[in-house]
Amino acid sequence: MTWSGAKLAKLGLETTIDAGCNLYMTLKGRKSGPGLVIGSHLDSVPRGGNFDGAAGVLMGLAVLSGFVKAGITPERDITVMAIRAEESVWFGASYIGSRMAFGLMDSKELMALKRSSDKVSLLSAIEANGGNAAAIAAGEGYLSPETVGMFIEPHIEQGPVLVERKIPIGIVTGIRGSFRFRAARCLGEYGHSGATPRTYRSETRSAPFPHWSCAWMKHG
């Protein structure tokens, strides 16, 4: 977060940190109204892939840098969002950062979620990192559907489709939902739950020794 903020400050952008410690870096537009948000998460997990969510933040920074260096002012605000705690490895809940940004976490959840390494509550961890847990518990969000005209999350592909088909970029129009079975044990071949189509699952492909594959949930 500190590195991103320092880089953007050199471009004269407006930087803000919300109650959940998400970082926003904005190039002001010519007109008021809902703006464009580009970004992703900065935390990752083992086997999440090179650059995981950080690629989306870096791409957003590249876009804003290009606008500034070209002397172009966009029609509406463009904001790069660097999201905290989207993965569920430490606290066992998904989309913590983005839910805090919209004021969608309550005090009960903030206290109930414990960090797996030392059992510190999410509320205490937020406060220790300079956030405002009371504001989050009160439902005070930094973002709202009315202020976001469009959200774009550039991301690496965590499946085999683009590579095997030799396609440089894809546009996601839908993604599978996930159920959580935290006590389950999966035997088989690794595959991302949201990015591995059934065509690429082991049970549908020929193999010397047929076996079931488990779509391992990156958030699980």
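All figures in this text were calculated on a predicted structure; none of them were measured in a lab.

Definitions and limits used
Residues numbered from 1 in each chain as written. Predicted model: local features only at pLDDT ≥ 70, side-chain atom pairs only at ≥ 80, totals over all residues. Heavy atoms only, no water. Helix = DSSP H or I, 4+ residues; strand = E, 2+ residues; numbered from the N terminus. Buried < 20%, exposed > 50% of the residue type's maximum accessible area, 1.4 Å probe, protein only. Contact = heavy atoms within 4.5 Å. Areas by Shrake-Rupley, 256 points an atom, 1.4 Å probe, with all protein chains shown as cover. Pairing = 2+ DSSP bridges. Axes fitted to C-alpha atoms, helices over the stretch in contact; angles between N-to-C directions. Core = buried A, V, L, I, M, F, W, Y, C linked by side-chain atoms within 4.5 Å. Salt bridge = Lys/Arg side-chain N within 4 Å of Asp/Glu carboxyl O. Right-handed = clockwise from strand over helix to strand, strands pointing away.

J.: Which parts of the structure should I look at to understand the overall build of the protein chain?
T.: Of the regular secondary structure elements, the protein chain holds 7 helices and 5 strands. Secondary structure elements in the protein chain, listed N-terminal to C-terminal, are α-β-β-β-α-β-α-α-α-α-β-α. Relative to its full complement of 220 residues, the protein chain shows a buried share of 37%. Taking the contacts inside the protein chain whose residues are at least 6 apart along the sequence as the reference set, 67% of them involve residues at least 24 apart. As displayed, the protein chain offers around 13,100 Å² of accessible surface, 59% of which is attributable to carbon and sulfur atoms.

J.: Looking at this structure, how should I read the environment of glycine 35?
T.: When you line up the elements, glycine 35 lands in strand β3 (residues 35–41). What makes glycine 35 buried here is its relative accessible area of 12%. Taking C-alpha positions, glycine 35 is 9.9 Å from proline 74, a pair spaced 39 residues apart along the chain. Here glycine 35 is in contact with Arg76, Asp77, Thr147, Val148, Gly149 and Met150, once residues within four sequence places are set aside.

J.: Can you help me understand the sheet that holds strand β2 (residues 23–27) in this one?
T.: Strand pairs in the sheet, formed through backbone hydrogen bonds, run parallel or antiparallel to each other. Read across the sheet, 5 strands follow the order β1-β2-β4-β3-β5 without closing on themselves; strand pairing throughout is mixed. Each edge of the sheet is formed by a strand with only one pairing partner; in this case those strands are β1 (14–17) and β5 (148–152). Along the sheet, successive strands turn relative to each other by an average axial angle of 20°, direction set aside. Its contacts with the sheet place helix α2 (residues 54–70) against β2, β3 and β4 (78–83), and it is angled at close to 155° to β4.

J.: Explanation requested: the pairing of β2 in the structure shown.
T.: Consecutive residues of a regular strand have side chains that alternate between opposite faces of the sheet. Buried residues dominate β2, accounting for 5 of its 5 residues. Residues Leu23, Met25 and Leu27 point to one face of β2 and Tyr24 and Thr26 to the other, with burial holding for every one of them. Taken together, the 4 bridges between β1 and β2 define a ladder with antiparallel strand orientation. Along β2, the bridge assignment pairs glutamate 14 with threonine 26. In textbook terms, the turn of a hairpin is the stretch between consecutive antiparallel strands, and for β1 and β2 this stretch comprises 5 residues, one of which, cysteine 21, has a positive phi near 75°. Judged from the 5 bridges that link them, β2 and β4 form a sheet pairing that is antiparallel. Looking at the pairing, tyrosine 24 lines up with methionine 81 of β4.

J.: Any chance you could explain the nonpolar core here in plain terms?
T.: Considering soluble globular proteins, one finds that nonpolar side chains tend to be buried as a cluster. In this structure, Ile96, Met105, Leu113, Leu122, Ile126 and Ile136 are the most contacted members of the largest nonpolar core, which totals 14 residues. For this core, the secondary-structure elements that each account for two or more residues are α3 (96–101), α5 (122–128) and α6 (133–137). Setting aside chain neighbours within four positions, we find isoleucine 126 in contact with Ala19, Met100, Leu110, Gly131, Asn132, Ala133 and Ile136. The next biggest cluster of nonpolar side chains, apart from the first, holds 11 residues, and it includes Leu13, Leu23, Leu61 and Leu64.

J.: Quick question: what am I supposed to make of the pattern of salt bridges here?
T.: Any two side chains of opposite charge can pair, so long as their charged atoms come close to each other. Summed over all chains, the structure comprises 4 salt bridges. The partner of aspartate 77 in a salt bridge is lysine 28, with the nearest N and O atoms 3.0 Å apart. Of the two residues, aspartate 77 sits in the loop between α2 and β4 while lysine 28 sits in the loop between β2 and β3, which places them 49 residues apart along the sequence. On the basis of relative accessibility, which here comes to 43%, the residue lysine 28 falls in the partly exposed class. Residue aspartate 118 is joined to arginine 115 by a salt bridge in which the shortest nitrogen-to-oxygen separation is 3.0 Å.

J.: How should the pairing of β3 be read in this particular structure?
T.: By the criterion of burial, β3 is predominantly enclosed, with 6 of the 7 residues buried. The pairing of β3 with β5 spans 4 bridges and is parallel. Pairing of leucine 36 across the sheet is with methionine 150, part of β5. Note: β3 against β4, 6 bridges, orientation parallel. Among the inter-strand pairings, serine 40 is bridged to a residue of β4, identified as alanine 82. Chirality of the crossover, the property in question, places the unit of β3, α2 and β4 among those that are right-handed.

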